[in-house]
Amino acid sequence: MVKKAGLLVFSLLFALFGLELVLRLVPPREPTPDADRSPMFYDRAEARAHPWTVGASNFLRIAVIGDSFTVGVGVQTDDTYGARLERLLNFNAGSVPAEVRVYAHPGTSTFQQKPLLQAALAQKPAIVIQGICLNDFEDWSHPKKIQRWRAEWMHEPSPFQLFCVRHSRVAAFIGERVWAARSPQRCETYYRHLYDPNGAGALRFKNTIEVFRDACAANGAVFVPVVFPLLSFDFSPERYPMSFAHDAIRRICAECGVPCLDLLPAFRGTSPERMQAVPGIDPHPSEIAHHLAAEAILAHLLERGLVDESY
């Protein structure tokens, strides 16, 4: 029995040694996730930003407010969903020219975007679109709690694990796959903390939706919240783990009397890799995701009668 156990251990060690040798002999493949992207980002002069309304006295004004998703981190300026929406609204002859202006700042949550709302309302838009991301429920008035939840999600490896990974290709190979397998569950746990219905994040979000609703109404604008999914997950109903967050946002908007557009159905059947700016590295929307969002928003505006059928 002891001899068999020893033989089994020796065979396992020999196999691991062989795998280590193979992984060291085979040169590692250098990742080039953004090799298909231009190395340059192009900006345009403000005077050229909205060519369809230059010189026009009557045109449809739409404001888009949000964070890095709305800014368009990772894509060109004219590929953002705001720019694409403006383009779609100006395709048809005979329709009133449309202008979609973006008021966004990366790293902000909905409650931090009130100054952006005021800047947008100063331009007298007919429609205010609010881009909402699922992490907008983060309550940074309690930073230690958020940081603790994030640490549980990111799960820093122990010094021993770091030593093994740095000195063994086998350990690195296995560790990467174990990390990837457990990451979705840790991510879901983090968001379930955020979406505690009795938590401060939910209350702050609801208060902000009410403020946006009332400010838009007072300025004659229609308020349209738009919810983005997390783009690093399979979007199919049986696999997407964040449906509870979408349900919570839609419920709060309904309680506030504000119809919202949930973009999750628009992403069903798409590849998460193609929806991300740099798959596995930068989960901001890719050009494709921005285009899908713009088309869904246009369909929503038409369905609700917020823009004329000529569009």
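Predicted model, so just to flag it, every value in this text is computed and none were measured.

**Side note on the overall build of the protein**
Each helix and strand counted, the protein has 12 helices and 7 strands in total. Residue burial in the protein is summarised as follows: out of 311 residues, 42% are buried. By element, 59% of the accessible surface of the protein is carried by carbon and sulfur atoms, the whole surface being about 17500 Å².

**Here we look at the sheet that holds strand S2 (residues 98-104)**
With respect to topology, 5 strands assemble into an open sheet ordered S2-S1-S3-S4-S5, the strand pairing being parallel. Looking at which strands have only one partner, the edges of the open sheet turn out to be S2 and strand S5 (261-262). Here strand S1 (residues 60-66) pairs with strand S3 (residues 127-132) via 4 bridges, running parallel. Paired with Ile-65 across the bridge in S3 is Gln-130. The strands touched by helix H9 (residues 243-255) within the sheet are S3, strand S4 (222-227) and S5, with S4 carrying the most contacts at an inclination of about 170°.

**Structural notes on the packing of aromatic side chains**
Given two aromatic rings, one states the distance between the centres and the angle between the planes to describe the pair. Counted by the stated rule, this structure contains 10 aromatic pairs. Seen in terms of ring centroids, Phe-69 and Phe-228 are 5.4 Å apart; in terms of plane orientation they differ by 80°. Their pairing is edge-to-face. Taken as a pair, Phe-69 in helix H2 (residues 68-71) and Phe-228 in the loop between S4 and H9 lie far apart in primary sequence, 159 residues in all. Ring centres of Phe-235 and Tyr-240 lie 6.3 Å apart, and the angle between their planes is 35°; on these two criteria the pair is classed as tilted. For Tyr-240, a relative accessible area of 4% translates into the label buried. Ring pairing ties together the aromatic residues Phe-137, Tyr-195, Phe-205 and Phe-244, which thus form one cluster. In this structure, Arg-192 packs its charged tip against the face of Phe-244, placed 3.9 Å from the ring centre.

**Describing the side chain of Ser-68**
Here Ser-68 lies in helix H2. One polar contact links Ser-68 to His-284, side chain to side chain, over a distance of 2.8 Å. When neighbours within four sequence positions are excluded, Ser-68 is seen to be in contact with Val-73, His-105, Pro-106, Gly-107 and His-284.

Conventions adopted
- Residues numbered from 1 in each chain as written.
- Predicted model: local features only at pLDDT ≥ 70, side-chain atom pairs only at ≥ 80, totals over all residues.
- Heavy atoms only, no water.
- Helix = DSSP H or I, 4+ residues; strand = E, 2+ residues; numbered from the N terminus.
- Buried < 20%, exposed > 50% of the residue type's maximum accessible area, 1.4 Å probe, protein only.
- Areas by Shrake-Rupley, 256 points an atom, 1.4 Å probe, with all protein chains shown as cover.
- Pairing = 2+ DSSP bridges.
- Contact = heavy atoms within 4.5 Å.
- Axes fitted to C-alpha atoms, helices over the stretch in contact; angles between N-to-C directions.
- Phe/Tyr/Trp six-rings, centres within 6.5 Å; stacked < 30°, edge-to-face > 60°.
- Lys NZ or Arg CZ within 6 Å of the ring centre and 35° of its normal.
- Polar contact = N/O pair within 3.5 Å; in protein donor to acceptor, adjacent residues only side chain to side chain.

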